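Letter by letter, the chains look like this.
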Amino acid sequence: MRTTFSCFLPALLLFQTCAAGPSQQPLEDDPTLNAATGNADYREFLFAPGQPEPQPVSQRVQDIWDTLRAVQPVAFHVNKPSGLLGYTLHYGREAFRILFLNGPASDKTGRKTNPTVARAVEELKAAADEDQDTDAMFLLAEMNFYGNFTHPRNFTEAFLWYNDLAWLTGNSTAQSMVGFMYATGIGEAVERDQAKALMYHEFAAEGGNTRSEMTLAYRYHTGIGTPKTCDHALFYYKKVADKVIDFYRSGPPGGHAMIRDSYRWADEEGGVYGEGASVSSSGMNARDPSHVTEASVEDVLEFLDLMSRKGELRHTYTLAKMHYEGARGLPRNFHRAMKYFKVVIRKYWNEDGSIKQNPPAGLDKLAAKAAGHVGLMYLRGEGVAQSYGTALIWFRRGLANGDGLCQHQMGLMYLHGYGVPQDAYKASSYFKAAAEQDIPAAETRLGALFLDQGDVAAATRYFELAARWGWMEAYYYLAEMTNFGVGRQRHCGVATAYYKLVAEKAEMVHSAFAEANAAYEAGDKESALIPAMMAAEQGYETAQANVAYLLDEQRSLFSLNSILPWVQKTRSALLRNTRLALIYWTRSAKQTNIDSLIKMGDYYLAGTGTVSDADKASTCYHNAAEAHRSAQAYWNLGWMHENGIAVQQDFHMAKRYYDLALDTNKEAYLPVKLSLLKLRARGYWNRITNGNINPIRDDEDSRPKLTLREWIATFIRNDEAEYWEELYESREDDEDFIGRGLDSENHDDGYYDDLDFDIDEGMLEGLLIVGLAATLLVLVYIRQQQQRNRQNENAANAGNANGNGNANANNANNRGFFPQPGDPEFGQWVAGGVGH
Ligand SMILES: *[C@@H]1O[C@H](CO)[C@@H](O)[C@H](O)[C@H]1NC(C)=O
Ligand SMILES: *[C@@H]1O[C@H](CO)[C@@H](O)[C@H](O)[C@H]1NC(C)=O
Ligand SMILES: *[C@@H]1O[C@H](CO)[C@@H](O)[C@H](O)[C@H]1NC(C)=O
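Residues numbered from 1 in each chain as written. Chains lettered and ligands numbered in written order. Predicted model: local features only at pLDDT ≥ 70, side-chain atom pairs only at ≥ 80, totals over all residues.

**Q** Honestly, the overall build of the protein chain in this entry has me stumped. Any pointers?
**A** The helix and strand inventory of the protein chain stands at 41 helices and zero strands. Residues counted as buried form 42% of the 836 residues belonging to the protein chain. Put simply, of all contacts in the protein chain between residues at least 6 apart along the chain, 60% involve residues at least 24 apart. (Helix = DSSP H or I, 4+ residues; strand = E, 2+ residues; numbered from the N terminus. Buried ≥ 20, exposed ≤ 12 C-beta atoms within 10 Å, placed from the backbone. Contact = placed C-beta atoms within 7 Å.)

**Q** I keep staring at the site of ligand 2 and nothing clicks. Help me out?
**A** Taken together, L139, E142, Y146, N148 and E515 are the residues near ligand 2. Here the shell around ligand 2 gets three residues from one element, more than from any other, and that element is helix α7 (residues 134-146). Within the shell around ligand 2, the residues separate by chemical class into two nonpolar, one polar and two charged. (Near = placed C-beta within 6 Å. Nonpolar A, V, L, I, M, F, W, Y, C, P; charged D, E, K, R; others polar.)

**Q** In this structure, what is going on with the confidence of the model for the protein chain? I would like to understand it.
**A** Detail in the predicted coordinates should be disregarded across regions flagged by low pLDDT. Averaged over every residue, the pLDDT of the protein chain is 75; residues scoring 70 or more account for 67%. Here residues 1-54 is a poorly scored stretch, pLDDT under 50, and it has 45 contacts once near neighbours within four places are set aside; other chains count. (pLDDT = per-residue confidence, 0-100.)

**Q** Explain unusual backbone geometry here, please?
**A** Only a minority of non-glycine residues have a phi that is not negative, and only a minority of peptide bonds are not trans. Phi is positive for N358, close to 45 degrees, though the residue is something other than glycine. Using a count of 6 C-beta atoms within 10 Å as the deciding quantity, one classes N358 as exposed. Its identity as a non-glycine residue notwithstanding, A646 has a phi of 65 degrees, on the positive side. Here A646 is to be found in the loop between α32 (631-643) and α33 (651-664). The exposure class assigned to A646 is partly exposed, which follows from the 18 C-beta atoms found within 10 Å.

**Q** Could you clarify how one ought to interpret helix α21 (residues 456-467) in this entry?
**A** Since the α-helix turns once every 3.6 residues, residues separated by three or four places project in the same direction. With twelve residues, α21 ought to run about 16 Å at 1.5 Å a step, and its terminal C-alpha atoms sit 16 Å apart, in line with that. When we look at burial in α21, the residues that qualify are A459, T460, Y462, F463, L465, A466 and A467. Buried residues in α21 make contact with α19 (424-436), α20 (440-453) and α22 (472-483). (Expected span 1.5 Å × (residues − 1).)

**Q** Is there a simple way to think about the environment of E541 in this case?
**A** On the secondary structure map, E541 appears in helix α27 (residues 541-551). E541 sits 43 residues away from Y584 along the chain, and the two C-alpha atoms are 9.1 Å apart.

**Q** I would appreciate a short explanation of the packing of helix α6 (residues 115-131) against α7 in the present structure.
**A** Packed helices, taken two at a time, are described by the angle between their axes plus the distance between the axes. α7 packs onto α6 with a crossing angle of 135 degrees between their chain directions and a minimal axis gap of 8 Å. As far as their axial angle goes, α7 and α6 are oblique. Like other packed secondary-structure pairs, α6 and α7 cross with a definite hand, here left-handed. Touching L124, K125, A127 and A128 of α6 are A136, M137, L139 and L140, all from α7. (Axes fitted to C-alpha atoms, helices over the stretch in contact; angles between N-to-C directions. Parallel < 35°, antiparallel > 145°, perpendicular 65-115°, else oblique. Left-handed = near helix turned anticlockwise from the far one by under 90°.)

**Q** What's the story with the environment of R656 in this structure? I'm lost.
**A** The residue R656 is located in helix α33 in this model. In the structure, R656 is positioned 22 residues away from Y634 in sequence and 9.0 Å away in space, judged by C-alpha atoms.

**Q** Got a minute to help me understand the nonpolar core in this structure?
**A** Nonpolar side chains tend toward joint burial in soluble globular proteins. Membership of the largest hydrophobic core comes to 190 residues, with the highest contact counts inside it found for A141, Y162, A241, A370, V502, A532 and V547. In terms of domain composition, this core takes at least three residues from each of domain 1 (292-434) and domain 2 (513-833). Beyond its immediate sequence surroundings of up to four residues, A532 is in contact with A516, A543, N546, V547 and L550. (Core = buried A, V, L, I, M, F, W, Y, C linked by C-beta atoms within 7 Å. Domains from an automatic or database assignment.)

**Q** How should the environment of A495 be read in this particular structure?
**A** Position of A495 relative to the elements: it lies in helix α23 (residues 492-505). On the basis of neighbour counts, which here come to 24 C-beta atoms within 10 Å, the residue A495 falls in the buried class. Sequence separation between A495 and N483 is twelve residues, and the spatial gap between their C-alpha atoms is 5.3 Å. Sequence-distant contacts of A495, defined by excluding residues within four places in its chain, comprise L234, A479, T482 and N483.

The following block contains the structure:
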């Protein structure tokens, strides 16, 4: 089966690709790459000429397929906690997982092959070998890759089938998969090889594979496996965007609904560093409504339902809208939406369309909005039979109250002549009215009308207004105008950015986020990894962060197997890939994900998935801290200064960074306070042993020596107050004292008060934290016992090398007690201590 030509063709192709270089004129349609060989005989193996004509599936394969479909798929069982006991158990398990396990037990090693499936696979193999049946090969490849029909995954096998198929028929799906496998080296089926990946994706893109087009666009955009080439990136992103817009416009009136399923899994847990410590869940992101989690959707629904029952029509309307639009963890439900909209409507209009007497104040607007949505559902045929007449009735009712949505829909009806005579003038006046209420869809239509008239300036204005709302079509128009230099200078970079936005808005067209999310929520991390990784290759930042998060091994405080050696590692081989994790952290960080940037630093510091490089780590932290004000990064910098990693050991700077961390994020209270306590102790040690580390206080030595008792008393009584007093005095001399100025207004409004535990509000929380911290310390101590010998050796070595034995010995002991940023426990240590 694996014929000889597939052995030498890759070499030939590689040679040909190198000789031709990246295709120079990507804007041309005809595949010039083909001609380069000048040998027509090979053509059929490179690309199927034109569109491969759909051949009927052979009876043999059809029969097997039918058998397979009858096999019950393993149902996802989602364990959603319910009730007090349920929640207690759930969180108990979670706590255990966080504390001890590197990942949830999701290994499918026990998976038995279903005898029916095994027989079917034999049949398929026979069909593939005897008849060269491409459908059989494709099915075999998919089953081995995705594990369909309970077939166990075998990426090696999948690769062989996809590869055969790609070479035999030039099937672009198969080429795209081969490209993906070369790009990621998933399942160790093949060596990672970016040049080959690029080559296969190029072939698949020639065959019109959207995923490959997007992957190539992203690769040329960021320069992965190829030099950055804006024109190539633009070319491919435009291809995807064109398809997306065609799809969008082929939908019901108003276009296909674009459902968003891409979100970061880490955000469920408050970001990769946990609630409060991660940039994504702290600071100005703390109450970002886009971080509504699944659990909170249920709460919100329950609350709205309750209020709605009490006759709060505002909440009934919100409820209806949520069901209509869908939300994370809440699929769209037109019937419920209609039901709730009608509840609002019936309070305002009688059956015959007359208005009820004395409607409550404000109900007119609300009812008009509801009418607009009901009309929209009739116009688009959502949950009801499509009816322009009925839609018109509802829009007219809403129009009477000046509803923007109704105005827009009326405009649409006149523009396209849905149930009314076509009338562009009327349409534009309706759009104008709606645009005045900032309805992005109307702004886009109006912009398009102005563009037709040649008024580029007005068109641009309207598109930009709509783009504020993230309206996909407006982005597309802006992209086209920038690309073709309409009314402005052509700009490749800007156009590419717009096309990328369009392509990524239409995630449901060419990506499988919904599938990845479902698998993730069901706890099947392997099945979640594959579609997420595909989306990540296509350039979605959220998917890149998700993949890295799945592959991240630093999440656990410490592994159970270090204290209980008989507990086996539970992560499957597929999920143990730190090199890949680092790659995706890096890509995500490049798309300005700050938490990923810090993670990148952690990986470099610890040498996870790469060689250890403290300088790179320091650069990452500095970047994250200074450009983006991340508390975690400040804390890491403080730690690096405290321990002299990649910088000169400097307690003064360490203190400053720790304080900045607390300043940036009040939720970092506990870890920062613990660190400061330790720092103080070390500073004291440094002082009494005459260490040469830059101390915390400049004029410490001029002070009278305190006895230990006095010292402890002062230590406990006042920490920062005194420090700040002194710092304030020496402020003029202190040239490093810049960062504080930014937050100086905080000092006036009770900054110091914030530093004390608020017993009234947070006593229970505080006690919990302290209890937790105590437990952690005990556990850490147990582990430390094991490592003590090794550490002492290290400390002795380091001490001799630096000629700074005392400080370093102390240093080493402390390191064991408080995790370093590079340690596996570090992330959870900080995360666990914060904000819970
Ligand atoms: C690739 O081959 C499979 C199986 O024959 C077929 O279902 C699929 O449509 C093909 N893809 C393309 C793009 O031709
Ligand atoms: C196998 O499963 C994947 C992912 O769930 C799906 O995309 C694909 O269509 C399935 N293939 C077949 C042949 O059912
Ligand atoms: C996967 O397939 C390859 C090639 O057919 C085979 O050598 C290997 O043993 C298979 N691996 C497993 C785990 O079945």
